[in-house]
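Chain and residue survey
So you can see what is in the structure, the chains are spelled out below.
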Amino acid sequence: MSARLLLLPGDGIGPEVVAEAERVLAALRDRFGLEVEWSEGLIGGAAIDAEGDPLPASTLEAARVADATLLGAVGGPKWEAIERSIRPERGLLRIRSELGLYANLRPAMLFKELAGASSLRPELVAGLDILIVRELTGGIYFGQPRGIRQGEPHPDGRPGGQRVGFNTLVYSEFEIERIARSAFEAARKRDKRVCSVDKANVLECSELWREVVTRVAADYPDCELSHMYVDNAAMQLVRAPKQFDVIVTGNLFGDVLSDIAAMLTGSIGMLPSASVNEKAQGLYEPVHGSAPDIAGQDKANPLAAILSLAMLLRHSLDRGDLADRVEAAVAGVLADGLRTGDLAGEGGTPVGTRAMGEAVVARLGN
Ligand code: IPM
Ligand code: MG
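On a predicted model such as this, the values are computed, not experimentally measured, just so you know.

For the rest of this paragraph, the subject is the site of ligand 1. Within the structure, ligand 1 sits among E89, L93, R96, R106, R134, Y141 and D255. Take R96: an N or O atom from its side chain is 2.7 Å from an oxygen atom of ligand 1. In the model, an oxygen atom of ligand 1 is placed 2.8 Å from a nitrogen or oxygen of the R106 side chain. A total of 320 Å² of accessible area belongs to ligand 1 in isolation, and the protein chains cover 71% of it. One can see that ligand 1 is located within the largest pocket. With three residues, helix α4 (residues 88-98) is the single largest residue contributor to the shell around ligand 1. Residue composition of the shell around ligand 1, by class: two nonpolar, no polar and five charged.

Turning our attention to the pairing of strand β10 (residues 246-249). Residues V246 and V248 line one face of β10 and the alternating positions I247 and T249 line the opposite face, and both faces are buried. As paired strands, strand β5 (residues 129-135) and β10 are joined by four bridges and run parallel to one another. Bridge pairing in β10 links R134 to T249. Bridge count for strand β8 (residues 193-198) against β10 is four bridges, and the pairing is parallel. Residue S196 lies in a different strand from β10, and its bridge partner there is V248.

What follows concerns the layout of surface pockets. As a volume, the largest pocket reaches approximately 930 Å³. Every residue lining the largest pocket is counted, 34 residues in all, and those nearest its centre are E89, R90, L93, R96 and Y141. Counting residues per element, the ones that place at least two in the lining of the largest pocket are β3 (68-73), α4, β6 (147-150), β7 (163-166), α9 (251-264) and β12 (282-286). Looking at the lining of the largest pocket residue by residue, the classes come out as twelve nonpolar, nine polar and 13 charged. Looking at the second largest pocket, its volume works out to about 760 Å³. At the level of secondary structure, the elements contributing two or more residues to the lining of the second largest pocket comprise β4 (103-109), β5, α6 (173-188), β11 (272-276), α10 (303-315) and α11 (320-335). Looking at side-chain class alone, the lining of the second largest pocket contains 14 nonpolar, three polar and seven charged residues.

The end-to-end C-alpha separation of α11 is 22 Å, in line with the 22 Å expected for 16 residues at 1.5 Å each. All of the buried residues along α11 are L322, A323, V326, A329, V330, G332, V333 and L334. Contact partners of the buried residues in α11: α1 (14-32), α10, β13 (338-339) and α12 (353-363). In the segment just after α11, G337 is the residue with positive phi, at about 90°.

So, how was this worked out
- Residues numbered from 1 in each chain as written.
- Chains lettered and ligands numbered in written order.
- Predicted model: local features only at pLDDT ≥ 70, side-chain atom pairs only at ≥ 80, totals over all residues.
- Heavy atoms only, no water.
- Near = heavy atom within 4 Å.
- Polar contact = N/O pair within 3.5 Å; in protein donor to acceptor, adjacent residues only side chain to side chain.
- Areas by Shrake-Rupley, 256 points an atom, 1.4 Å probe, with all protein chains shown as cover.
- 1 Å grid on protein atoms, 1.4 Å probe; cavity = no way out; pocket = protein on both sides within 12 Å on 5 of 7 lines; lining within 4 Å.
- Sits in = over half its atoms within 2 Å of the grid points.
- Helix = DSSP H or I, 4+ residues; strand = E, 2+ residues; numbered from the N terminus.
- Nonpolar A, V, L, I, M, F, W, Y, C, P; charged D, E, K, R; others polar.
- Buried < 20%, exposed > 50% of the residue type's maximum accessible area, 1.4 Å probe, protein only.
- Pairing = 2+ DSSP bridges.
- Points joined across faces, edges and corners; volume = space filled by probe spheres on them.
- Expected span 1.5 Å × (residues − 1).
- Contact = heavy atoms within 4.5 Å.

Below, the structure is given as structure tokens:
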């Protein structure tokens, strides 16, 4: 049976980079017999403009029945002023939550051709290969209660008549256990080292997190587990990032640490991500945002979207062979010296979005 994919180009450079991933997808179908069909849907600002909702019911339904979804990016200045509950970002948060995509895999690896692009000295990052496993459907992003309300006078001296804003950090044992398993399963295919990041010196929620991760580790005696507080982890990431293999952490800490890790590679335009549920149904998206400043100018780097397609092939379609082929083609075009604007500091031949996508297709072989 043919695999079914949903493409959600979204906003800004999203449509341009997804178009190049689609070109690669078509080549895999035509040349390598990948049995796949796909359709397109609206999300984010594009969906707000068309239907007044950043995640229309039709898009959610299409994502539910798809084996996997490839997303470009959402958001932009045009939609910043509208009410929070219908902003583009809400579309993304809702699709993650509705599909139960709790395991967010964010690799941060240095492409050796781009070693000079990092903000750190080359010797600190040469060979860098980290995987951040971020819990994506729980924690303070989704905990209840949340809101802004009129505050009561407070014993800490806060005057009455002021508003208070609040969110709740909550994790159940079940949520911690399943993300810990995702991390150990991923580590088994890598260097077998998991570092769990929390704030157990302050937060009860983290105390439970640490206890549960430690319990799960007993099922993975071939893997090594360590624990780190999040402030120290942020520091270690910029001090000696190569000490890490897999980092597992909650939603908010993972949001912050994955941006740090991405920047270490100097090529945020290169990094893919996967968000999967227990059925291996997934949402795949570049780590970069919608970059409205360069949208529509054939400047964006499509490689993160193309590498997201590779993750999709590996994790949702069980086609690691084709994923390897796509990744090799990407390495090939970099070795050929092709560089989009974001990598311009690296010399080589300047190319646009389309030319980069076409070069990857040419590099796929037959
Ligand atoms: C990310 C982004 C999102 C997040 C935003 C756009 C809602 O920063 O995917 O890292 O905070 O999860
Ligand atoms: Mg983020």
